[in-house]
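# A look at the structure
Below are the chains, spelled out letter by letter.
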Amino acid sequence: MKFRHVLFAIAAIGLLYIVSISAQTYAITNARVVTVSGGTIENGTVVVRNGLIESVGANLKAPADAEVIDGTGMTVYPGFIDALTSLGLQTASSTGQQRGGGTSGPQATSETNSNYPDGLRPEEAASEELKSGESQFETNRNAGFTTVVTVGRNGVFNGESAVIDLAGDSVSAMIVKSPFAEHISFATIRGQYPVSLLGTFSALRQMMLDAQRLQEIQKLYAANPRGIKRPESDKSLEALIPVINRQIPVVFNANSEREIVRALDLAKEFNLKAIIAGGQESWKVADRLKAQDVPVLLSLNFPKRTTAASADADPEPLEVLRLRAETPKGPARLAQAGVKFAFESDSVKSIGDFFTNAGKAVENGLTRDAAVRAMTLGSAEILGVSAQTGSIEPGKIANLVVVKGDLFGKDRAVKQVFVDGKLFEIKEQPKPAETTPSNGGRAVPNVAGNYSITIDIPGQPLAGTLAFTQQGNLLNGTIQSSLGTAPIRDGKVTVEGFTFAATVEYGGSTVDIIVKGTVSGNQISGTIDSPQGAIPFSGTKNP
Amino acid sequence: MKRITAYFVSLLLVLGNLQFAAFGQANKELLIKNATVLTAIHGTLENTDILVRNGKIAKIGKNLSAGSGAEIIDATGKFVTPGIVDCHSHTMIDAINEGSLSVTSMTGTRDVLNPTDIAIYRALAGGVTSANILHGSANSIGGKNTVVKFKYGHPVEDFPIPDAPPGIKFAMGENPKGTNFSRPGVPPRYPRTRMGVIETMRDAFLRARDYKRAWDDYKAGKTKVPPRRDLELEPLVEVIEGKRLVHAHGYRSDEHLNLMLLADEFGFKIATLQHGLEAYKIAPEIAKRGTGVSIFTDSWGYKLEAYDAIPYNAYLLWKAGVVVSINSDSDERMRRLNLDAAKVEKYGGVPEEEALKMITLNPAKQLGIDKRTGSIEVGKDADLLIWSAHPFSVYSRVERTIIEGETFFDRAKDIQKRADLAKEREALEKLDVNKPPAAGGTQPRIPSEHRLEERDDAEYGDGGNQ
């Protein structure tokens, strides 16, 4: 598929296939209704009025003023919930935590009333960085998602997430719940403490203690300020007070068994209300998760081998081979152990994989009902929005998906999506391969894939590989050369092309680079900016 | 039976359990018969039996018998020693250095332990049962250490020895001043000289003393508001109070002497001088203070700081009455510490048992775990090795590594299991998820061995040690 064709397909989808209708009252009739909370109605009707579900049942008559949608042969589900995304945020790097190079000193923090550096700022709230406009959610909504958790992904503290509905032309109309949780990554900060995982833990611990103390002193001071130095109004610590008081949960991004165990230990130490996100190996610690009553936002990004065959390389470690084989069995094992979980799409390559892999989880022993629950009511319960959404019940938000065919099968086709009672008619389900996340209505190119590149260092051209994955306008992946492999960060795709930053080792020291480029057809080109100057690179996409 | 066992083992492997779950036998009796026992405290006992019960050494003697259900090992012609204790290791941690600051006492290796590190299993195959997992040497005052037993296959919380006294890493010389290399992601920082290193330490202790005073005042009711808990200074107060052991990396004796004088000034004792390749120059000063030294047996002159290292260091220190241990500081050297101990018999003629102590009882003493491990005595933890020949022979192999009565490495079972693992691999490689993409794909990293970028053991970085 040529790149231009992709662009054309996106434009076509945008212009022709989606018609937004804003009538007030609807009745979906003769459909199979999976209410999730109250079983399945084989031949049912769902009535939507003023953004809410008015009624649902087997023998309902469509109200006279309703626009009737014939649901014969269709299944109506509660709108699907994606429990972890960065949708609607400018870029995941909006916290700016990784700006600056290896030679710059500690960043000034005096411009805000936080005493902590970027990356250790729990007060950064997704709700304040959300962009308005519903067209940006098109791809995800077309796939059947009505509700998502969104949060930035940089820093140790990713900040406060929000639960949003994927419609509404203002930020305030999209928000269902904010904050949902504080999100933490076991990440580091470049150029200043903490630069290692060791420091990440001690920095987290010190901030929790500082927040505890701030609260204590605030109480003393409120009771009687005389003789007590006024407590500092540090907004980073103030943002942690609801966290240490268990008023809002903490989502730890943790995939491996040991990361999950570390998160559980930290949660125990500070009596935090913990949630695990990612959770690739969470089934290995299911007993502890159950005992500590910790739910999992389980990624449906199931690993598979992406490295090329090579006679020179050592065979892959057995544990890697096992991990790939075992991951699809994880959801069933969690269910069996009684651990609560919700599916999330974080880092899946294409949103269609969400359902394909949920189907794989079903093939590997998860019941269909449990799989559906993990993307509807079960998810809503973990997110604390189950009173409003997640099931088809009178009085709940009219978040609904009308699906033709098997939800987990290849014939799956989403026909209509209701978000807050607003109907999005999807006349033709675009194939997953053609979908490209959209960006504010303007299509951004899909640059995902692997590229073999040549970096034109004068006199010694260097071969390398760029491996890109893309979610919306966010770019992730690695840059690899004989100098080593580095993860890319602050990666972003715009209509103009892509940019990302990375830190590579060169000539015995580390160098911060900024890479800008464009993809055209199977050609890639651009420049690598470093303190030593700009170097062009070019290459081709591996088929 | 054999087939059933093999099936059971592979089933456990498939379930993702760790490799030795099937061998778990901590509560079973174990009787080792007719071995040559190197006790590392009461000499060598010929034709001797050791009875292990509830993870402890219950009896040592001749013609011992065990209850029914006990595992009996015929060790005729074999040697038994205490498990090896490595007093300086960076194995099983996902991060070694917090290189950003000169004082990182708030960090600790306990937070970043990786109980699935394959280096643990390899160390077990070399007879190591306990290790001192240290922070790196990038900082004048580094992070808190963790003293572990290598209970590979157990959950991480089983690794730290619960009653081991806490400790901390200090470092002197080239690594903390860092003038010869750059640290990934970290701008150059103070100190840049050896005098700056000791100043950083003194400054930290002065701050710790003030901090302690602030808390004392608060506890005495002199102040209204509790001081801020400071995770950087808390461990240093513990050092001053003698509750936390200092393990101080350094090569030059002038620096180590300086550090001991600093400790005198603040009223505590340095637990171990780590590396101390020229510690022989200040042996009486070390002995007088009861400080231990943990060395390499060779690595003479491998870098400028180590230029005055000599083969006879261990001998001279031992002669002066210093408790000496031999450490690895390397995942690779860790697997053959028995041969490093043998070298001190050659250079200077340290007696056999004293040499053996340098990798067993002495490091246990230095780490404060000698009440439970380091020698073969009734009542101690059954941390035992069965060797095919005398452990100081290059032909000797560890046949079994036992920690608290549980077998964590069994050479015969390891060999037997390889066919099952090969079969498992073959089956896994056939799965779609494990096949390389039909075309393209990322190039694999060659060689594939995972290595932390901040790691700088013998094969990496400054070619030296942390």
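Residues numbered from 1 in each chain as written. Chains lettered and ligands numbered in written order. Predicted model: local features only at pLDDT ≥ 70, side-chain atom pairs only at ≥ 80, totals over all residues.

As a further point, take the overall build of chain A. Along the backbone of chain A there are 13 helices and 30 strands. Within chain A, the fraction of its 543 residues that count as buried is 52%. Here the contacts in chain A between residues at least 6 apart in sequence split such that 62% fall between residues at least 24 apart. (Helix = DSSP H or I, 4+ residues; strand = E, 2+ residues; numbered from the N terminus. Buried ≥ 20, exposed ≤ 12 C-beta atoms within 10 Å, placed from the backbone. Contact = placed C-beta atoms within 7 Å.)

Residues and elements named next belong to chain A. Pairing within the open sheet is mixed, and its 6 strands lie in the order S9-S12-S13-S14-S15-S16. Pairing within the sheet leaves two strands with one partner each, and these edge strands are strand S9 (157-160) and strand S16 (341-344). Across the sheet, the mean angle from the axis of one strand to that of its neighbour is 20°, orientation sign disregarded. Two elements, S9 and strand S12 (residues 182-185), share 3 bridges in a ladder whose sense is antiparallel. Following the sheet pairing, glutamate 160 is matched in S12 by glutamate 182. (Pairing = 2+ DSSP bridges. Axes fitted to C-alpha atoms, helices over the stretch in contact; angles between N-to-C directions.)

It is worth spelling out the confidence of the model for chain A at this point. The predicted structure's coordinates, where accompanied by low pLDDT, should not be read in detail. Confidence in the prediction for chain A averages 86 pLDDT; 87% of positions are at 70 or higher. Contacts from residues 432-442 of chain A, a stretch scored under 50 in pLDDT, to residues over four places away or in other chains number 32 contacts. (pLDDT = per-residue confidence, 0-100.)

All names here are of chain A. Domain parsing of chain A yields domain 1 (1-79 + 389-436), domain 2 (81-100 + 116-388) and domain 3 (444-541). For domain 2 versus domain 3, the separation of C-alpha centres amounts to 28 Å. With 9 residues of domain 2 at the interface, the matching set in domain 3 holds 11 residues. When its residues are assigned to classes, the side of domain 2 that touches domain 3 shows 2 nonpolar, 5 polar and 2 charged. (Domains from an automatic or database assignment. Nonpolar A, V, L, I, M, F, W, Y, C, P; charged D, E, K, R; others polar.)

Residue and element names in this part refer to chain A. With 7 of its 10 residues buried, strand S2 (residues 25-34) lies for the most part within the structure. As defined by bridge partners, S2 adjoins strand S3 (residues 40-49) across 7 bridges and the pair is classed as antiparallel. The partner of tyrosine 26 across the bridge, within S3, is valine 48. Once S2 ends, the chain turns through 5 residues before running back antiparallel as S3, passing valine 36 with a positive phi of about 70°. As paired strands, S2 and strand S5 (residues 67-70) are joined by 4 bridges and run parallel to one another. Residue pairing for S5: isoleucine 28 is matched across the bridge by isoleucine 69.

Here we take up the interface of chain A and chain B. In this assembly, 55 residues from chain A lie in contact with 49 residues from chain B. Mapped onto the side of chain A that touches chain B, the elements with two or more residues apiece are helix H5 (197-223), helix H7 (257-269), helix H9 (318-326), strand S23 (462-471) and strand S28 (509-520) of chain A. With 12 residues, H5(A) is the largest single contributor of residues to the side of chain A that touches chain B. Broken down by class, the residue content of the side of chain A that touches chain B amounts to 19 nonpolar, 22 polar and 14 charged.

Turning to unusual backbone geometry, a few remarks are in order. Here the amide bond leading from Tyr193(A) into Pro194(A) is cis, since omega sits at -5°, within 30 degrees of zero. Position of Pro194(A) relative to the elements: it lies in the loop between S12 and H5. With an omega dihedral of 0°, the bond running from Tyr190(B) to Pro191(B) counts as a cis peptide bond. Structurally, Pro191(B) is set in the loop between helix H3 (174-177) and helix H4 (194-219). The backbone of Asn271(A) shows a phi angle near 50°, a positive value even though the residue is not glycine. For Asn271(A), a count of 11 C-beta atoms within 10 Å corresponds to the exposed category.

Next up on the list: helix H6 (residues 253-266) of chain B. All names here are of chain B. Look at H6: 20 Å from first C-alpha to last across 14 residues, which is about the 20 Å you get at 1.5 Å a residue. Those residues of H6 that sit buried are Ser253, Glu255, His256, Leu259, Met260 and Ala263. Relative to the axis of H6, the buried residues are bounded by an arc of 160° and lie together on one face. Those residues of H6 that are exposed and angled more than 90 degrees off the buried face are Leu261, Asp264 and Glu265. Residues of H6 that are buried in the fold lie against H4, strand S11 (245-250), strand S12 (272-275) and helix H7 (283-289). (Expected span 1.5 Å × (residues − 1). Arc of directions from axis to C-beta.)

To continue, consider the domain arrangement of chain B. Residue and element names in this part refer to chain B. When its domains are assigned, chain B resolves into domain 1 (1-82 + 375-432) and domain 2 (84-373). Here the C-alpha centre of domain 2 lies 30 Å away from the C-alpha centre of domain 1. Taken residue by residue, the interface counts 24 residues in domain 1 and 23 residues in domain 2. Those elements giving two or more residues to the side of domain 1 that touches domain 2 turn out to be strand S5 (79-82), strand S16 (398-403) and strand S17 (406-410). With 3 residues, the top contributor of residues to the side of domain 1 that touches domain 2 is S16. Each residue belonging to the side of domain 1 that touches domain 2 can be placed in one class, and the counts come to 15 nonpolar, 6 polar and 3 charged.

Further remarks concern the nonpolar core. Core analysis: the largest hydrophobic core is formed by 230 residues, its most contacted members being Val76(A), Ile276(A) and Val80(B). A per-element tally of this core places H5(A) first, with 8 residues. Within the second largest apolar cluster, 22 residues are counted, among which are Tyr451(A), Ala467(A), Ile488(A) and Phe537(A). (Core = buried A, V, L, I, M, F, W, Y, C linked by C-beta atoms within 7 Å.)

This brings us to the packing of H9(A) against helix H12 (residues 411-429) of chain B. In the contact formed by H9(A) and H12(B), the axes pass within 10 Å of each other and the chain directions differ by 45°. One element, H9(A), and the other, H12(B), form an angle in the oblique class. Our pair here, H9(A) against H12(B), has a crossing hand that is left-handed. On the side of H9(A), the interface is formed by Leu318(A), Leu321(A), Arg322(A) and Ala325(A), while H12(B) contributes Leu421(B), Arg425(B), Leu428(B) and Glu429(B). Grouping the constituent residues of the contact of H9(A) with H12(B) by class yields 5 nonpolar, no polar and 3 charged. (Parallel < 35°, antiparallel > 145°, perpendicular 65-115°, else oblique. Left-handed = near helix turned anticlockwise from the far one by under 90°.)

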